[in-house]
Amino acid sequence: DDQWNWCDALFMAPPTWLRLYAATDDTRYLDFAVTNFWRTTDYLYDKNEHLFFRDSTFFDKTEANGAKVFWSRGNGWVIGALVRCLQYLPMNDPSRSRFEQLFKDMAAKILSLQQPDGLWRASLLDPQDYPMPEASGSALFTYGLAWGVNQGLLDRAKYEPAIRKAWPALVGCVNDDGRLTHVQPAGDQPVQFSADATSPYGGGVLLLAGSEVYRLAVLE
């Protein structure tokens, strides 16, 4: 099945196809990646909220506060996907401006949803019912925002304060044996979970965030 019908797949699949294009110069890889990225986006992206549903089963679901269900890590995967696609998409590709605009629209929305402690919640639009920070989505958002500033796609004055607030909060979730805590276990939607929960992908996305936060400091 070559249809990507859940938002996590955008992180897994299109960047891989674009790297294959970069390695081979075979435009079939490029065309496949771009066509299917936008097919999935047209299906799952809420143009009013500037966020992605995890999959079609969430189109009609709502949180306790009546808000739509937008999962933190799912949208984090999409921001990460946009970064990785833009890294390998040719600068002169006709779809590049559309990728950049989606990245900017999502970044602005994500910025508005950052909580006072610097991190984001498992449910982006219902932080009251999910009061605990969720580190994996937060790390992916920090990665994306910092990359955007480093590339000149996002305004430094507007976004850097949020990045500088998020990074120490993420570091504060690293426990004494080096594991990132507050990582929601594998799933497909916001859930309540233990504060000491950890997972390998949590450490991975923390390193992605750190790589761009480091570059932010160096470039400054």
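So, a few notes on the structure that sits alongside this text. It should be emphasised that the depicted structure is a prediction, and the values quoted were computed from it without experimental measurement. (Residues numbered from 1 in each chain as written. Predicted model: local features only at pLDDT ≥ 70, side-chain atom pairs only at ≥ 80, totals over all residues. Heavy atoms only, no water.)

### Notes on the packing of aromatic side chains
Considering all chains together, one arrives at 13 aromatic pairs under this definition. On the numbers, 5.7 Å between centres and 85° between planes, the contact of Trp-4 with Phe-32 is edge-to-face. Here Phe-32 lies in helix α3 (residues 27-44) and Trp-4 lies in the segment before α1 (9-12), a separation of 28 residues in the sequence. The class for Trp-4 is buried, based on a relative accessible area of 10%. Ring centres 5.0 Å apart and planes at 45° place the aromatic pair Tyr-45 and Phe-52 in the tilted group. Here Tyr-45 falls in the buried class, since its relative accessible area comes to 13%. Taken together, Trp-4, Trp-17, Tyr-29 and Phe-32 form an aromatic cluster joined through their ring pairs. (Phe/Tyr/Trp six-rings, centres within 6.5 Å; stacked < 30°, edge-to-face > 60°. Helix = DSSP H or I, 4+ residues; strand = E, 2+ residues; numbered from the N terminus. Buried < 20%, exposed > 50% of the residue type's maximum accessible area, 1.4 Å probe, protein only.)

### A closer look at helix α7 (residues 156-171)
At 3.6 residues per turn, the α-helix brings residues three or four places apart onto the same side. For α7, built from 16 residues, the straight-helix expectation of 22 Å at 1.5 Å per residue is met to within 8% by its first-to-last C-alpha distance of 22 Å. Listed in full, the buried residues belonging to α7 are Tyr-159, Glu-160, Ala-162, Ile-163, Ala-166, Ala-169 and Leu-170. Taken together, the buried residues of α7 touch α5 (96-112), α6 (135-150) and α8 (200-219). (Expected span 1.5 Å × (residues − 1). Contact = heavy atoms within 4.5 Å.)

### A short note on the nonpolar core
Ranked by internal contacts, the top residues of the largest apolar core, which has 69 residues, are Phe-52, Phe-99, Phe-103 and Met-106. A total of nine residues in this core trace back to one element, the largest contributor, which is α6. Excluding anything up to four places from it in sequence, Phe-52 contacts Cys-7, Leu-10, Thr-41, Leu-44, Tyr-45, Phe-70, Asn-75, Val-78, Leu-102 and Met-106. (Core = buried A, V, L, I, M, F, W, Y, C linked by side-chain atoms within 4.5 Å.)

### Digging into the pattern of salt bridges
Considering all chains together, one arrives at 13 salt bridges under this definition. Between Asp-55 and Arg-54 there is a salt bridge, with its nearest N and O atoms 2.9 Å apart. Under the relative-accessibility criterion, Arg-54 is labelled buried at 16%. We note a salt bridge from Glu-212 to Arg-215, for which the minimum N-O separation is 2.8 Å. Here the residue Glu-212 and the residue Arg-215 both occupy positions in helix α8, the gap between them amounting to three residues, near one helical turn. The class of Glu-212 is buried, set by a relative accessible area of 6%. The structure contains a network of salt bridges with shared partners spanning Asp-8, Arg-54 and Asp-55. (Salt bridge = Lys/Arg side-chain N within 4 Å of Asp/Glu carboxyl O.)

### Concerning unusual backbone geometry
Backbone geometry places His-50, a non-glycine residue, at a positive phi of 60°. Its location among the elements puts His-50 in the loop between β1 (45-46) and β2 (51-52). For His-50, a relative accessible area of 26% translates into the label partly exposed. One non-glycine residue, His-182, lies in the positive phi region at around 60°. Tracing the chain through its elements places His-182 in the loop between α7 and α8. Note on His-182: relative accessible area 18%, which makes it buried.

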